[in-house]
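Residue-level structure breakdown
The primary structure of each chain is shown beneath.
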Amino acid sequence: MTDVAGIPTPDKNDENFWTAVSRLVEPPWREPSQDDAFTMDERVHDAVRALAEGISTRALAYRAADKSFDPGLMVAPDVQLALLRALYEAKLSVDRLAESAATVAGRGGANYAQLGAAWGGIKRQSARLKWPHAVVRKSAGESIPLQYAGGTAVVHHDADTDAWWYTATAADHQETESEPVHGTYAEAIAGATEFLLAHTLPDRPSPTAGT
């Protein structure tokens with residue numbers, strides 16, 4: 001088990017919080033157990049099945065007939081095709097989230113060897129090809145894009161004040177622009193992600209709800 005005793009855990013109102021956040025912890029993770037993997041499978045299946053039921057032609061017919069969609073109908077080959085289509089959407093979501101995580105990690109100090117290790121142990125060169133813009137030197141005039149929680153943000157550096165600021169458009173179309181008051185890139189990106197998380201789209205009811 002990883003020894004975590006020496007890892008600082010300041011609260012967000014602590015003056016050292018952002019300094020601690022900006023420092024890369026080694027090792028960054030513990031290897032997931034088989035139970036972790038099975039739990040992930042279950043959660044992914046729940047999310048993908050909800051989408052499959054929402055796009056399945058057969059499920060649509062049952063809803064149109066005001067009938068509940070019995071779980072046994074999941075074995076129908078057409079419903080399994082809808083599930084396969086939903087799994088493809090899940091893959092696209094994973095790719096988008098992975099690019100965002102790699103970018104934030106890379107801009108925070110991680111190198112391509114570390115990104116590759118996190119992505120199943122691919123080589124540094126493969127990680128560089130997969131996320132070519134993740135690890136770059138932050139120059140004074142650089143603007144850094146981010147996609148998160150269905151929204152987008154761009155983090156900027158203000159050369160006059162030597163501070164970071166961001167603009168963001170959330171999934172619910174709310175927009176914001178911060179002042180150049182963030183001392184580090186990590187602090188600015190945290191502010192942007194907090195805004196995006198606070199303005200996600202409301203949860204949609206399950207396709208089978210009320211049936």
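Residues numbered from 1 in each chain as written. Predicted model: local features only at pLDDT ≥ 70, side-chain atom pairs only at ≥ 80, totals over all residues. Heavy atoms only, no water.

1. Concerning the overall build of the protein
In terms of helices and strands, the protein carries seven helices and four strands. Mapped from its N terminus to its C terminus, the protein presents α and β elements in the order α-α-α-α-α-α-β-β-β-β-α. Computed over its C-alpha atoms, the radius of gyration of the protein comes to 21 Å, more than 25% above the 17 Å expected for a compact globule of 211 residues. Projected onto the principal axes, the alpha-carbon positions of the protein cover approximately 65 × 40 × 35 Å. Of the roughly 14000 Å² that the protein leaves accessible, carbon and sulfur atoms contribute 55%. Of the charged side chains in the protein, 19 are positive and 29 negative, and the gap between their average positions amounts to 9 Å. (Helix = DSSP H or I, 4+ residues; strand = E, 2+ residues; numbered from the N terminus. Rg over C-alpha atoms; globule rule 2.2 N^0.38 Å. Areas by Shrake-Rupley, 256 points an atom, 1.4 Å probe, with all protein chains shown as cover. Lys, Arg positive; Asp, Glu negative; His and termini not counted. Charge placed at Lys NZ, Arg CZ, Asp CG, Glu CD.)

2. Observations concerning the packing of aromatic side chains
The full count for this structure, using the stated rule, is three aromatic pairs. Both rings, one in Tyr 62 and one in Phe 69, keep their centres 6.1 Å apart while their planes meet at 85°; by these two values the pair is edge-to-face. Residue Tyr 62 is classed as partly exposed on the basis of its relative accessible area, which comes to 27%. Judged by centre distance (5.6 Å) and plane angle (80°), the ring pair of Trp 119 and Trp 131 falls under edge-to-face. Of the two residues, Trp 119 sits in the loop between α5 (112–118) and α6 (124–130) while Trp 131 sits in the loop between α6 and β1 (143–148), which places them 12 residues apart along the sequence. (Phe/Tyr/Trp six-rings, centres within 6.5 Å; stacked < 30°, edge-to-face > 60°. Buried < 20%, exposed > 50% of the residue type's maximum accessible area, 1.4 Å probe, protein only.)

3. Things to note about the pairing of strand β3 (residues 163–169)
Among the seven residues in β3, five count as buried, and that is most of the element. Between β3 and strand β4 (residues 175–177), which follow one another and run antiparallel, lie five residues, and His 173 among them has a positive phi close to 75°. (Pairing = 2+ DSSP bridges.)

4. Re the pattern of salt bridges
Per the stated rule, a full pass over the model turns up six salt bridges. Arg 49 serves as the salt-bridge partner of Glu 53, at 2.8 Å between the closest nitrogen and oxygen. On the criterion of helical spacing, the pair formed by Glu 53 and Arg 49 is a turn pair, its members being four residues apart in helix α2 (residues 34–55). When its relative accessible area of 7% is taken as the criterion, Glu 53 is described as buried. Between Glu 89 and Arg 85 there is a salt bridge, and its shortest N-O distance comes to 2.7 Å. (Salt bridge = Lys/Arg side-chain N within 4 Å of Asp/Glu carboxyl O.)

No statement about biological role is implied by the geometric values presented.
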